[in-house]
Structures are given as C-alpha cells and as structure tokens.
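# Remarks on the overall topology
In case you want the letters, here they are:
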Amino acid sequence: MREKTLYVTTFLLFALLIFASLTENKPTENEKPVIGILQYVSHPSLDEIADGIKEGLAESDYNEENSEILLLNAQGEQNKIQTMGQQLIQRSDVLIGIATPAAQGLANQTTKIPIVMGAISYPEKAGLVKDETQPDSNITGVSDRSPVAAQLDLMTQLMPQLKKIGLLFSSNEDNAKAQAQEMTEIAESRGFVVSSYVVSSTNDIKVVSQKALSENDALYLPTDNTIASGFETVVANAKQAQKPIFPSVSQQVTLGGLATMGINQKQLGIETGRMAAEILQGKKVADLPVYVFDHGEKIINEKVAAELGIPLTAEIKKDAQLVGEVQP
Ligand code: TRP
C-alpha cells in the first residue's frame, strides 16, 4: 500500500514536470511564427519592397492567417528605430530590416535572433556582415547594388556633352556614401568632374539640391532614403534649373527623374521574404549567403527628356521601359 502511494506520487510528479517544461515560455494563445519587419521610412521604393516581402513570405506559405507579420515604420527617426526595434526583438522569430539604418538598428540590439537585410546596398561597408559570401553572425539578406558603371554609360548616351556631375546624398546613410564614392571613382577615371552635395536631413534638400543643380550639368542620386523621402523637392528644383536628375531607381524616374538602370524593387522584397521564410523553416543563417541584385533595367521618362530637349534615339530607347508618354 505504501509502495503504491509512492509510485503514484512519483508518477504524478514526473507528469507535472514534463507538462511544465512543455508549456514553459510558450505564450499559450499564440503558436504562430512571428516575423518582425522594421522599415526605415516611407518612400515609394521602400513601400514596394515591403509589399514584395509579404509576397515572398506568402509564396512560402507564411501569410497573415498562419503567422504574425508585424511591420513597423520608424519614419526616418533614430529613436524610433531603437524603440520599435526593441518591441520587435521581444516578439519575433525572425527579423527583417528594410534599408540600411533599420538593419543597423536591429543589428545593434540583438546578436541572437536572425536578421534578414532587406535591400541593403553595401552590407560590408555598413558594418552588417564581414563577408557577404559567408555570414558568420545572425545576419544575412538581400543587397541592392546599383549598376553604377551602366548608369554612367546611360547618362553619357543621353548627354554626350556631360562634364560636371553633382552627387546628392545624405551624410548619415552608409549606403549612399558608399555608392557616391563608387560613382566618384568611376566617373573621375572617365574624365568627368564630380562634386558631392551632402544633406543631413530632408530639411536641407531644398537649398543643397538647388546649389548642386546650378553648379553642374546633371544630378546623380544614389539610393538614399533621405533624398527619396524629399524627392519632390529635388524634382521641383530640377525643373526650374532645366537640368536632368539621374536617380538610381525606376520609381524616381516615373516621378520626374530622366533615366536610370534600376533594380526591380518588388523583386528585392520578394527575395527578402523568401529568405526569411527559409530561416523560419529551419535553415541556418550561415548557410544563406547574401543575395546580391546588381542588374538594372533601363527606364526613361520621355516627358522629362522632351522638356529638357534631349533627343531619344532608337539606340537609347532600345530595351528601355518608357514612362511619361509625350502626347503628339
Ligand atoms: N538600398 C537602400 C539602403 O541600403 C535602401 C533602398 C532600397 C532605397 N531602394 C531604395 C533608398 C530606393 C532610396 C531609393 O538603405
């Protein structure tokens, strides 16, 4: 009789222990995987990337029903990157940072939860990974590397008399600084005169872009989030100065830039979403090298070309997507 009681008590104790260990740390009402996305700021390209991410996740069967997709937008503010990053880190199984400042903010706050970089131009120069081909921390993802040389080729084709190029970008974006440096090296080696014009926030865009436009034949814009957020101001100034803007993304050609070789932003997002899904399915960050997009599609704004009196030859139009149709 005594022994039986002992057995039963021991059994019950074990059962209790096993039950307790199974339920530990698991929020009872929520077993869904949580995907935490931090978007640096809103502008048409990043918004498209965010849409692409949801599409890529859905392709891999992670949707709003079977998973929790938390998307927070820091609206370009450093303190929001901190607080929102913290919020996401507390809940997420995988994190995604859209644009360099967001990815850097997440990386500063966790070395454990996997981070997928969404559209980071220069992951190594931004201090996010040591070697893109061999991630050795909790960070991997997708890079959008503008085809700078091909962009310069297109600029030269459209403006054979081009000599002075002004670069407009922000002092606090590693992505843009690195791209500006790359363009400077390539263009100077080809004999162009290149000058940098730097803003520290959107507030500076009006004055600084005006100066840049007046001192150069054309303006070149790296993929810079600050400039992208105040892009209408640059367009208004360029119209007044009757000078072309050469952006790095197609959205900005549609909105009044002249032309570019641009990387498909939706595609960047889709690939980012897919990578996050692979991690949720158990893949290790170390087995996922950074995926680099560096192939641009030609896009030209016909209306802007006409306004500037720039002829579009058949050669230039070849394989180009034309926007801003001119009415005959
Ligand atoms: N590549 C940028 C970064 O590293 C983010 C970005 C993607 C972007 N597409 C853009 C910035 C278009 C400006 C315009 O932060």
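What you see is a predicted model; the values in this text were computed from it and never measured. (Residues numbered from 1 in each chain as written. Predicted model: local features only at pLDDT ≥ 70, side-chain atom pairs only at ≥ 80, totals over all residues. Heavy atoms only, no water.)

### Concerning the sheet that holds strand S2 (residues 68–73)
- One open sheet holds the 6 strands; their spatial order is S2-S1-S3-S4-S5-S11, and the pairing between them is parallel. Each having just a single partner strand, S2 and strand S11 (291–293) make up the two edges of the open sheet. On average, each strand axis in the sheet is inclined to that of its neighbour by 15 degrees, with strand direction left out of account.
- Relative to S2, strand S1 (residues 34–39) runs parallel, the two being bridged by 6 bridges. Note on S2: the bridge partner recorded for Ile35 is Ile69. (Pairing = 2+ DSSP bridges. Helix = DSSP H or I, 4+ residues; strand = E, 2+ residues; numbered from the N terminus. Axes fitted to C-alpha atoms, helices over the stretch in contact; angles between N-to-C directions.)

### Notes on the packing of helix H5 (residues 148–158) against helix H6 (residues 174–189)
- One way to put it is that H5 packs onto H6 with a least axis distance of 10 Å and a crossing angle of 55 degrees. In terms of axis orientation, H5 runs oblique to H6. Both H5 and H6 take part in a crossing whose hand is right-handed. For the pair H5 and H6, contact is made by Val148, Ala149, Gln151, Leu152 and Met155 and by Gln179, Glu182, Met183, Ile186 and Ala187, respectively. (Parallel < 35°, antiparallel > 145°, perpendicular 65-115°, else oblique. Left-handed = near helix turned anticlockwise from the far one by under 90°. Contact = heavy atoms within 4.5 Å.)

### Quick look at the pairing of strand S10 (residues 259–262)
- Burial along S10 is two-sided: the residues Ala259 and Met261 and Thr260 and Gly262 are all buried.
- Pairing of S10 with strand S12 (residues 297–301) involves 4 bridges; the strand directions are antiparallel. Note that in S12 the partner of Thr260 across the bridge is Ile299. (Buried < 20%, exposed > 50% of the residue type's maximum accessible area, 1.4 Å probe, protein only.)

### A word on the site of the ligand
- Neighbouring the ligand are 17 residues, the closest being Thr100, Ser121, Asp144, Asn225 and Gln265.
- A distance of 3.0 Å separates a nitrogen atom of the ligand from a polar backbone atom of Ala119.
- At 3.0 Å from an oxygen atom of the ligand is found a side-chain nitrogen or oxygen belonging to Asn225.
- Contact with the protein chains hides 99% of the accessible area of the ligand, taken as 360 Å² for the molecule alone.
- In a pocket analysis with a 2 Å cut-off to the grid points, the ligand is assigned to the largest cavity.
- Listed by contribution, the elements that provide at least two residues to the shell around the ligand are helix H2 (44–59) and helix H8 (225–229). (Near = heavy atom within 4 Å. Polar contact = N/O pair within 3.5 Å; in protein donor to acceptor, adjacent residues only side chain to side chain. Areas by Shrake-Rupley, 256 points an atom, 1.4 Å probe, with all protein chains shown as cover. 1 Å grid on protein atoms, 1.4 Å probe; cavity = no way out; pocket = protein on both sides within 12 Å on 5 of 7 lines; lining within 4 Å. Sits in = over half its atoms within 2 Å of the grid points.)

### Topic: the side chain of Ser60
- Inspection of the secondary structure puts Ser60 in the loop between H2 and S2.
- In terms of polar contacts, Ser60 uses its side chain to reach the backbone carbonyl oxygen of Gly56, at 3.3 Å.

### A look at the environment of Asn175
- Mapped onto the fold, Asn175 is located in helix H6.
- Separated by 65 residues in sequence, Asn175 and Thr110 place their C-alpha atoms 21 Å apart.
- Apart from residues no more than four positions distant in its own chain, Asn175 is found in contact with Thr100, Pro101, Ser121, Tyr122, Thr223, Asp224 and Asn225.
- Looking at Asn175, its side chain comes within polar contact range of the side chain of Glu173, at 3.0 Å.
- From its side chain, Asn175 meets the backbone oxygen of Thr223 in a polar contact 3.0 Å long.

### As for the nonpolar core
- Within the largest apolar cluster, 47 residues are counted, with the highest numbers of intra-cluster contacts made by Ile35, Leu38, Leu57, Ile96, Ile98 and Leu128.
- Listed by contribution, the elements that provide at least two residues to this core are S1, H2, helix H3 (78–91), strand S3 (94–98), helix H4 (100–109), strand S4 (115–118), strand S5 (139–144) and helix H11 (265–280).
- Discounting chain neighbours no more than four positions away, the residues touching Leu128 are Ala103, Gln104, Ala107, Met117, Ile120, Pro123 and Ile139.
- By size, the runner-up hydrophobic cluster in this structure holds 28 residues, among which are Ile165, Val194, Ala218 and Phe246. (Core = buried A, V, L, I, M, F, W, Y, C linked by side-chain atoms within 4.5 Å.)

### A look at the sheet that holds S12
- Spatially, 3 strands are ordered S10-S12-S13 in an open sheet, and the strand pairing comes out mixed. Taken across any chain shown, the strands that pair with only one partner, and hence form the sheet edges, are S10 and strand S13 (321–323). Averaged over all adjacent pairs, the angle separating strand axes in this sheet is 20 degrees, with direction ignored.

### Some thoughts on the confidence of the model for the chain
- In this model, the chain carries a mean pLDDT of 94, and residues with pLDDT of at least 70 account for 91%.
- Note that residues 23–28 has pLDDT below 50 and, in this model, 1 contact with residues that lie over four places away or in other chains. (pLDDT = per-residue confidence, 0-100.)

### Regarding the pattern of salt bridges
- According to the stated counting rule, one finds 14 salt bridges in the structure shown.
- Glu77 is the salt-bridge partner of Lys80, the closest N and O atoms lying 3.7 Å from each other.
- Assessed through its relative accessible area of 23%, Lys80 is described here as partly exposed.
- A relative accessible area of 34% places Glu77 in the partly exposed class.
- Each of Glu59, Glu271 and Arg274 takes part in one network of salt bridges that share partners. (Salt bridge = Lys/Arg side-chain N within 4 Å of Asp/Glu carboxyl O.)

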